[in-house]
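Spelled out, the chains give:
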Amino acid sequence: YFAILFSAIIITFAKPGLHVLNPEYVVVEYIVIILAVRAFFKIITKNILMFISAKDMIDINEKSSFLDYIKSRIIRVSTIEIISSISYIVILATILLIIVSGIESQLELVLYWALIILIIQVPTSLYSIIYFRKEFSIKIEIQSIVKYLVAAIISFGLSRILLDMVLEYDLELIKFLPQILLFIMLSIGMYIGITAIIDIKTRNLINAVVLEMKNRI
């Protein structure tokens, strides 16, 4: 839920956020978006692999043999990470050797790098999810994830359209920043509102938060 929310914030507000840091940074907007998508998949993969490793009791059993360790989930997780790292290095080196002579700017080079780490991360994440579902009976709530994605696309997509229509990037920071914060709060509000309408778990979470706040008051 929150991984989708934060990724949507970064993707939607990459350009104005970079403008706040330095107007010259706006040119790397698409690189930031690519890295945000990669970070989303990375978070999913990391959490899944940590869960898999934590559930493996091979290191607690004193009678475990070397063969048991080889077959353990801990080794499988380490193997996935090693293969991912090696693939990244090999593909990056290969592509750079092929295209380095045709690259005209450092920005283009960074763009290729961002695309490569995203391309490597996606199959790693997919394999981790498949392996997780194979090893454990825990159900991954695909329907809920789809609901959150739809809510994010609607709320943040609308905000991005409005941003492009009304936001002026030549304003002073003191005038520019409040507008960005307003759009961010509006987007988050729409995201929470939509998910509360279409997803019962979000409604239960909001009700629990409201009840806790009332009890504290």
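Predicted, not measured: the structure shown is a model, and the values here were computed from it.

1. With respect to the packing of aromatic side chains
- Inspection of the entire model under this criterion finds four aromatic pairs.
- Ring geometry for Phe 156 versus Tyr 191: centroids 6.3 Å apart, planes at 55°, classification tilted. Note that Phe 156 is positioned in helix H7 (residues 142–166) and Tyr 191 in helix H8 (residues 173–198), a separation of 35 residues in sequence. Grouping residues by exposure puts Phe 156 and Tyr 191 together as buried.

2. Concerning the side chain of Thr 12
- Tracing the sequence through the fold places Thr 12 in helix H1 (residues 2–12).
- You can call Thr 12 buried: its relative accessible area is 6%.
- Contact partners of Thr 12, with chain neighbours within four places excluded, come to Phe 156, Arg 160 and Leu 163.

3. Details of the nonpolar core
- By size, the foremost hydrophobic cluster in this structure holds 17 residues, and its most contacted members are Ile 4, Phe 13, Ala 152, Phe 156, Leu 163, Ile 180 and Tyr 191.
- When contributions to this core are tallied by element, the ones reaching two or more residues are H1, H7 and H8.
- Once residues within four sequence positions are removed from consideration, Ile 4 is found in contact with Phe 40, Ile 145, Tyr 148, Leu 149, Ala 152 and Tyr 191.
- Residues Ile 48, Ile 52, Ile 80 and Tyr 131 belong to the second largest nonpolar core, which totals eight residues.

4. A closer look at the pattern of salt bridges
- This model, assessed by the stated rule, comprises two salt bridges.
- The salt bridge involving Arg 160 is made with Glu 29; its shortest N-O contact spans 2.9 Å. In this pair, Arg 160 is assigned in helix H7 and Glu 29 in helix H3 (residues 29–54), connecting sequence segments 131 residues apart.
- Among the residues examined, Glu 29 registers a relative accessible area of 7% and is labelled buried.
- Here Arg 160 ties to Asp 164 by a salt bridge, and the two come within 3.2 Å at their closest N and O atoms. With Arg 160 and Asp 164 both in helix H7 and four residues apart, the pair spans about one turn of that helix.
- Judged by relative accessible area, Asp 164 falls into the partly exposed class, the value being 48%.
- One connected set of salt bridges, linked through shared partners, spans Glu 29, Arg 160 and Asp 164.

5. Points about the packing of helix H5 (residues 73–99) against helix H6 (residues 106–135)
- For the pair H5 and H6, the least separation of the axes is 10 Å and the interaxial angle reads 155°. By the angle between their axes, H5 is roughly antiparallel relative to H6. The element H5 and its partner H6 pack so that their crossing is right-handed. Of H6, the residues touching H5 (which contributes Arg 73, Arg 76, Ile 80, Ser 84, Ser 87, Tyr 88, Ile 91, Leu 92, Ile 95, Leu 96 and Ile 99) are Leu 109, Tyr 112, Trp 113, Ile 116, Ile 117, Ile 120, Thr 124, Tyr 127, Ser 128, Tyr 131 and Glu 135.
- When the residues that make up the contact of H5 with H6 are grouped by side-chain class, the tally is 15 nonpolar, four polar and three charged.

Reading the values: the criteria
- Residues numbered from 1 in each chain as written.
- Predicted model: local features only at pLDDT ≥ 70, side-chain atom pairs only at ≥ 80, totals over all residues.
- Heavy atoms only, no water.
- Phe/Tyr/Trp six-rings, centres within 6.5 Å; stacked < 30°, edge-to-face > 60°.
- Helix = DSSP H or I, 4+ residues; strand = E, 2+ residues; numbered from the N terminus.
- Buried < 20%, exposed > 50% of the residue type's maximum accessible area, 1.4 Å probe, protein only.
- Contact = heavy atoms within 4.5 Å.
- Core = buried A, V, L, I, M, F, W, Y, C linked by side-chain atoms within 4.5 Å.
- Salt bridge = Lys/Arg side-chain N within 4 Å of Asp/Glu carboxyl O.
- Axes fitted to C-alpha atoms, helices over the stretch in contact; angles between N-to-C directions.
- Parallel < 35°, antiparallel > 145°, perpendicular 65-115°, else oblique.
- Left-handed = near helix turned anticlockwise from the far one by under 90°.
- Nonpolar A, V, L, I, M, F, W, Y, C, P; charged D, E, K, R; others polar.

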